[in-house]
Every structure is written in C-alpha cells, then in structure tokens.
Amino acid sequence: TAAYVTAMEKARPLNAYITETPDQALAMAKASDARRAKGESRAMDGLPLGIKDLYCTKGVQTTAGSHILGGFTPTYESTVTQKLWDAGAVMLGKLNLDEFAMGSANITSYYGTVESPWRKAGDNRPLVPGGSSGGSAAAVAAHAAIAATGTDTGGSIRQPASFTGIVGLKPTYGRCSRWGIVAFASSLDQAGPMTRSVTDAAIMMGVMAGYDAKDSTSVDIAVPDYRAALDGSVKGLRVGIPKEYRVDGMPAEIERQWQQGIAWLKEAGMEPVEVSLPHTKHALPTYYIIAPAEASSNLARYDGVRYGLRVEGDSLDKLYENTRAAGFGAEVKRRVLIGTYVLSAGYYDAYYLKAQKIRTLIADDFKKAYQQCDVILTPTSPSAAFALGEKMDDPVAMYMQDVFTVPANLAGIPGLSVPSGLSSDGLPLGLQVLGKAFDEETVLKVGRVIE
Ligand code: GLN
C-alpha cells in the first residue's frame, strides 16, 4: 500500500484522483495485515484500489465530478465499496470522471481533464483516457492503483479500458447493487471492475456482485466463482460476429484487430458464426433519448436545498435556478434539456415511448443471436485514444464513440473489454466480448483467451 501511495502521488500530473486518502489507505492496510496475522484470509486482502468518485464513501467527499456536489460528504457507504472493504481491499482515493458520468473522454469534469499515461509513438501530445471512468482507467494504466471501480451506462467502463490497455467489465444489469452510487440513467447504470488482467477482473467481480435488498433492481441469483470459471475450456463455444458492427470510417486496423481476435478464438477451439443484430443502427439515437430522459429526472434532486452547493436567490425558485446554473456544466445542462424535452407531454410519444419500443427490439436481437452463439465479439470502440482537445466542441462526434458499447446497456447484457494489441502508432486497442445475461463466467473465460 505504501508503494501505491507513492505511485499515486507521482501520478498527480495525470489528474486521475480528485481526492487522495493516503492515511485511510495505510490504516486499512494495517488492519488488513493484523487480520491476516491472525490467520484470516479474504479475497482482496491489502489490495489498494481507486474508487470512481460516483460511489458514495462514508466520511469522504463524493463529487460525481460536479461543482453542484461541492462539499458533499456522504454519511453512508455504497454497497459495492462496502463489499470491497469487507473483502480486505484498501481505498487509495476517489477517481476523476466526466461530470455525472456523462462523456467519453473525461473532459467534462469540474475537477479538470484527465490525461492518459500513453503517448503516440513520436508524438508527445497528451491523449484522453476515454470516459466517463477516465480517472479509473488512467490510474490503473499508470500503476497508481492495482485496480479501480468504474460505472458503465453506455460504455464508460469498456471504452476507457480499451483506450488505456486495461480490462474492464460491465456486468449484467442487476448483477451489482447500484445502492449508494450517484444515479445517471438508472435503467442502464452498472458498477464493474477495471483491472490489469482478466484474472483480476474475475476476482474483483466475485466481490462486487450479489443481491442487495437496498437496490430493487438487483437480482437474487447466486454469484458463481468467476476465478474458478477461468480454468474451464472454451472449446466448442460459438462466437457470434455481428455483421452490422462495421461502421463507416472505422480504421482498417480496428477491422484487422477484430479479425485477429476471431483467429485467436478459433485457435482455442471456438467456432465463429455470423449473426445479425438488425436494430444496431438505432442503438445510439435510442440511448441518447433514454439516458438523458432518466438523467433529467435523477438530477432534479440537485436543487441547492438537499446536497452540496447552494447559490442564494430572492425566492425559492431563484435559489434553484441560481444553484443549477452555477452547479452544472455544459454537457449536463445539454442532457437535462434533451431529457426534459423528450419527456414533455407533447413529445413523449414521439421520442421517449418510441425509444423504449426500439430498446425492446434491440434486446430481442440479442436474444435471437444467442440462439446461435454463446458470446459475441466486436471491437470496443471505433477508434484508439484521441488527443486531448480533439472532438471537444462536437458533442455528436463524441456520442459516436459509444456505437459498439451502448447496445449492451440497452439490452442489459454483460460486456468485457480486453486489450488486444497496439495500433500502428503504438496505442492500445480493445476487443469487446458480449455475453448472455448473467453469464459473466463465459465472457471472462473467452476474454482470457484474447488478453
Ligand atoms: N459516453 C456515454 C455518455 O456520455 C456513456 C457514459 C457512461 O457509460 N457513463 O452517456
């Protein structure tokens, strides 16, 4: 832990951490050592983690990357972080993220942009770590945490994992408790591990997963031994290759990486089959209606009365207005506007209801595909990491980043990003393994073949 505290301090130029908790880390490590000395052994004894600053941590400020939560210190601990501490893990600090997890490059945080530790060959310009779990990805890639928690609403674990050469797992919706995690889009949000290997992801997943009576959407089914599942064979499993996942302008080297991935799985005894997910092209517009709709409702609670920032005004309405105007950044305001628009009486049927129907069609596409295959393989992202400052003023270009990741959130199925190699200019690329609902075991096992 002491070495990781030093590494965390050394990595400060990346701006991965919003809050460092070195004293807490050392005290937790000492307590874990003491229990171990008594012969007690737990799954994550003494492992120093970074926690995405969307998870409420008792007594430690939790910002969600937003000014509006300034000064908010939870009096409770999220279920998932509590499970990690109960398994012996140690908290190094709270990690930077896009404001309320809205973004794909970690450039919307009130606490500043995050830099990836990677550089293009022969080009020293700073790169984005991806987002929204950009602090988590940068910290793990820079060895400033052994692993980190992330959250994934439309790709926020998988895309930053692929940009920084690490492993990221978005579990099945309902697998991990969302209790105590600041809500973005409640029907899409999932917690998951971001690690340096598939084995680490399997171990951490086993600790994070499980039913929680405090989250009515968490599902009460047994948590398997993911670590043990990795020892099983993938021989005879069928891998689906969706023909609709070829987007215009996708670099040839991403296509090559994908073919390489298929070849590796074949070598391991898996059988590739072409599958069709015909509604894929509607996934992005559907997501960018449903996610803002839910966000506009979830974010209504930040009114200057209950949490964090308050900017006074002559009336209660003025206080709300002043607080929200000063407290939310541009991207969050854009989403609240889109969300309230698509939910408004006159447009609800045309946008929100339509999006819900398409969401069902997308989920059905996967159900049909999984009659022909056990997992699906795709690229995680249509590009490698881009330079800080690129795509900043074009929200739609940024939304396009999520083209391969949002379908899994809409369908509720698990998805894993595994590093698969480097681009021609030396940047990490990732492949995505999608699985059947609650079949994280097979997803991890197949991911292990690729890493
Ligand atoms: N990039 C997507 C968005 O901005 C996904 C974010 C996420 O998964 N939290 O909504």
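Model, not experiment: these values are computed from the prediction. Throughout, a residue's number is its position along its own chain's written sequence, starting from 1. With pLDDT at 70 or above as the cut-off, local features in this predicted model cover only qualifying residues; side-chain atom pairs require 80 or more to be listed or tallied, and sums for whole chains, interfaces and linings still use all residues.

Peer 1: Please set out the overall build of the protein chain residue by residue, giving values where relevant.
Peer 2: When you go through the protein chain residue by residue, the secondary structure sums to 15 helices and 11 strands. Computed over C-alpha atoms, the radius of gyration of the protein chain comes to 21 Å, within 12% of the 22 Å expected from 2.2 N^0.38 for 451 residues, which places it in the range of a compact globule. For the protein chain, the spread of C-alpha atoms along the principal axes amounts to about 70 × 65 × 50 Å. Looking at the protein chain as a whole, 54% of its 451 residues are labelled buried. Each helix is a run of DSSP H or I of at least 4 residues and each strand a run of E of at least 2, with the numbering of both proceeding from the N terminus. Here the globule rule reads 2.2 Å times residues to the power 0.38, and the radius of gyration is calculated from C-alpha atoms. Three exposure classes are used, all based on how many other C-beta atoms lie within 10 Å of a residue's own C-beta (placed from the backbone): buried at 20 or more, exposed at 12 or fewer, and partly exposed between those limits.

Peer 1: Hey, could you go over the UniProt feature "active site" (unreviewed entry) in the protein chain for me, with residue numbers and the actual values?
Peer 2: UniProt positions are given in the numbering used here, feature names are shortened, and annotations may be inferred rather than shown by experiment. UniProt marks Lys-52, Ser-132 and Ser-156 with the feature "active site" (unreviewed entry), using the numbering shown here. A compact arrangement is adopted by the annotated residues: their sequence extent is 105 residues, whereas the largest C-alpha distance between any two is 11.1 Å. Of note, Lys-52 is situated in strand 2 (residues 48–52). On the neighbour-count criterion, Lys-52 (31 C-beta atoms within 10 Å) is buried. Once C-beta atoms are placed from the backbone, any two residues with those atoms within 7 Å are in contact. Discounting residues that sit within four places of it in the chain, Lys-52 has contacts with Leu-95, Leu-97, Ser-133, Gly-135, Ser-136, Ala-148, Thr-149, Gly-150 and Thr-151. Along the chain, Ser-156 turns up in the loop between strand 4 (147–152) and helix 5 (158–164).

Peer 1: So, the confidence of the model for the protein chain: which residues are in play, and what are the values?
Peer 2: In regions of low pLDDT, the predicted coordinates are not meant to be interpreted in detail. The pLDDT score gives, residue by residue, the confidence of the prediction method on a 0 to 100 scale. Summarising the model, the protein chain shows a mean pLDDT of 96, and 100% of its residues fall at 70 or more. Per the prediction output, this complex has pTM 0.97; the corresponding ipTM is 0.97.

Peer 1: Tell me about the sheet that holds strand 6 (residues 190–195), and name the residues and values.
Peer 2: Pairing between two strands requires that DSSP report at least two bridges joining them. The strand order 1-3-2-4-6-5-10-11-9-7-8 describes an open sheet built from 11 strands, whose pairing is mixed. Of all the strands in the sheet, the pair left with one neighbour each is strand 1 (17–20) and strand 8 (271–275). With direction set aside, neighbouring strand axes in the sheet form an average angle of 30 degrees. The pairing of strand 1 with strand 3 (residues 90–95) spans three bridges and is antiparallel. Looking at strand 3, one finds that Tyr-17 is bridged to Leu-95. Here an angle of 0 to 180 degrees is reported between the N-to-C directions of two axes, which are lines fitted to C-alpha atoms, with helices fitted over the stretch in contact. Against the sheet, helix 4 (residues 134–141) makes contact with strand 1, strand 2, strand 3, strand 4 and strand 6, and its axis sits at roughly 155 degrees relative to strand 4, the strand it touches most. Of the strands in this sheet, strand 5 (167–170), strand 9 (375–379), strand 10 (415–422) and strand 11 (428–435) are in contact with helix 15 (residues 440–450), which crosses strand 11 at around 150 degrees.

Peer 1: Could you give me a rundown of the site of the ligand, with the residues and numbers involved?
Peer 2: We count a residue as near a molecule or strand when its backbone-placed C-beta atom lies within 6 Å of that partner. Of all residues adjacent to the ligand, which total 13 residues, the nearest are Ala-101, Ser-104, Thr-153, Gly-154 and Ser-156. Amino acid classes used here: Ala, Val, Leu, Ile, Met, Phe, Trp, Tyr, Cys and Pro are nonpolar; Asp, Glu, Lys and Arg are charged; the rest, including Gly, are polar. Across the shell around the ligand, the residue classes tally to four nonpolar, seven polar and two charged.

Peer 1: An account of helix 4 is requested, with residue identities and associated values reported.
Peer 2: Burial within helix 4 is extensive, with eight of its eight residues counted as buried. Those residues of helix 4 not exposed but buried are Gly-134, Gly-135, Ser-136, Ala-137, Ala-138, Ala-139, Val-140 and Ala-141. Contacts from the buried residues of helix 4 go to strand 1, strand 2, strand 3, strand 4, helix 5 and strand 6. After helix 4 finishes, the residue His-143 shows a positive phi value of roughly 60 degrees.

Peer 1: Requested: an account of the nonpolar core, with residues and values cited.
Peer 2: Throughout this description, the term nonpolar core refers to a group of buried Ala, Val, Leu, Ile, Met, Phe, Trp, Tyr and Cys residues whose C-beta atoms join them within 7 Å. Counting residues in each nonpolar core, the largest one holds 123 residues, and the members touching the most others are Ala-16, Leu-49, Ala-139 and Ala-145. The residues touching Ala-139, leaving out its near neighbours within four places in the chain, are Ala-11, Ala-16, Tyr-17, Gly-50, Leu-95, Ala-144, Ala-145 and Ala-148.

Peer 1: Help me get a handle on the packing of helix 9 (residues 283–298) against helix 11 (residues 330–343), residues and values and all.
Peer 2: Across the interface, helix 9 lies against helix 11 with an axial gap of 7 Å and an inter-helix angle of 100 degrees. In terms of orientation, helix 9 lies roughly perpendicular with respect to helix 11. Where helix 9 abuts helix 11, its residues Ile-289, Pro-292, Ala-293, Ala-295 and Ser-296 lie against Arg-335, Val-336, Ile-338, Gly-339, Thr-340, Val-342 and Leu-343. Looking at the contact of helix 9 with helix 11 residue by residue, the classes come out as eight nonpolar, three polar and one charged. Geometric relationships in this document are graded by angle, where less than 35 degrees denotes roughly parallel, more than 145 denotes roughly antiparallel, 65 to 115 denotes roughly perpendicular, and other angles denote oblique.

Peer 1: Explain the environment of Ala-64 residue by residue, including any values.
Peer 2: As for its position among the elements, Ala-64 is in the loop between strand 2 and helix 3 (79–86). Separated by 30 residues in sequence, Ala-64 and Lys-94 place their C-alpha atoms 9.8 Å apart. Apart from the residues lying within four places of it in its own chain, the contact partners of Ala-64 are Asp-53, Leu-54, Leu-69, Glu-99, Phe-100 and Val-182.

Peer 1: Can you lay out helix 3 for me, pointing to particular residues and giving the numbers?
Peer 2: Among all positions of helix 3, only Thr-79, Val-80, Thr-81, Lys-83 and Leu-84 are buried. Buried positions along helix 3 lie against strand 2, strand 4, strand 6 and helix 6 (198–208). Following helix 3 by one or two positions, Gly-88 adopts a phi angle in the positive range, close to 100 degrees.

Peer 1: Describe the packing of helix 8 (residues 252–267) against helix 15, and please don't skip the residues or the numbers.
Peer 2: For the pair helix 8 and helix 15, the least separation of the axes is 9 Å and the interaxial angle reads 105 degrees. Overall, the two elements helix 8 and helix 15 adopt an arrangement that is roughly perpendicular. Judged by residue contacts, Gly-261, Trp-264 and Leu-265 of helix 8 engage Val-446, Val-449 and Ile-450 from helix 15. Class assignment for the residues of the contact of helix 8 with helix 15 results in five nonpolar, one polar and no charged.

Peer 1: I'd like a rundown of the pairing of strand 3, residues and numbers included.
Peer 2: Where burial is concerned, most of strand 3 is hidden: six out of the six residues are buried. Pairing of strand 2 with strand 3 involves five bridges; the strand directions are parallel. The residue bridging Gly-50 from the neighbouring strand is Gly-93, located in strand 3. The parallel pair strand 2 and strand 3, bridged by helix 3, forms a crossover whose chirality is right-handed. A crossover gets the label right-handed when its path from the first strand over the helix to the second runs clockwise, viewed with the strands pointing away from the viewer.

Peer 1: Requested: an account of the pairing of strand 6, with residues and values cited.
Peer 2: Burial runs high along strand 6: six of the six residues are buried. Here strand 4 runs beside strand 6; their pairing, made up of five bridges, is antiparallel. By the bridge assignment, Asp-152 is partnered in strand 6 with Gln-190. Relative to strand 6, strand 5 is paired through two bridges, and the arrangement is antiparallel. When the sheet's bridge partners are listed, Val-167 is paired in strand 6 with Thr-195.

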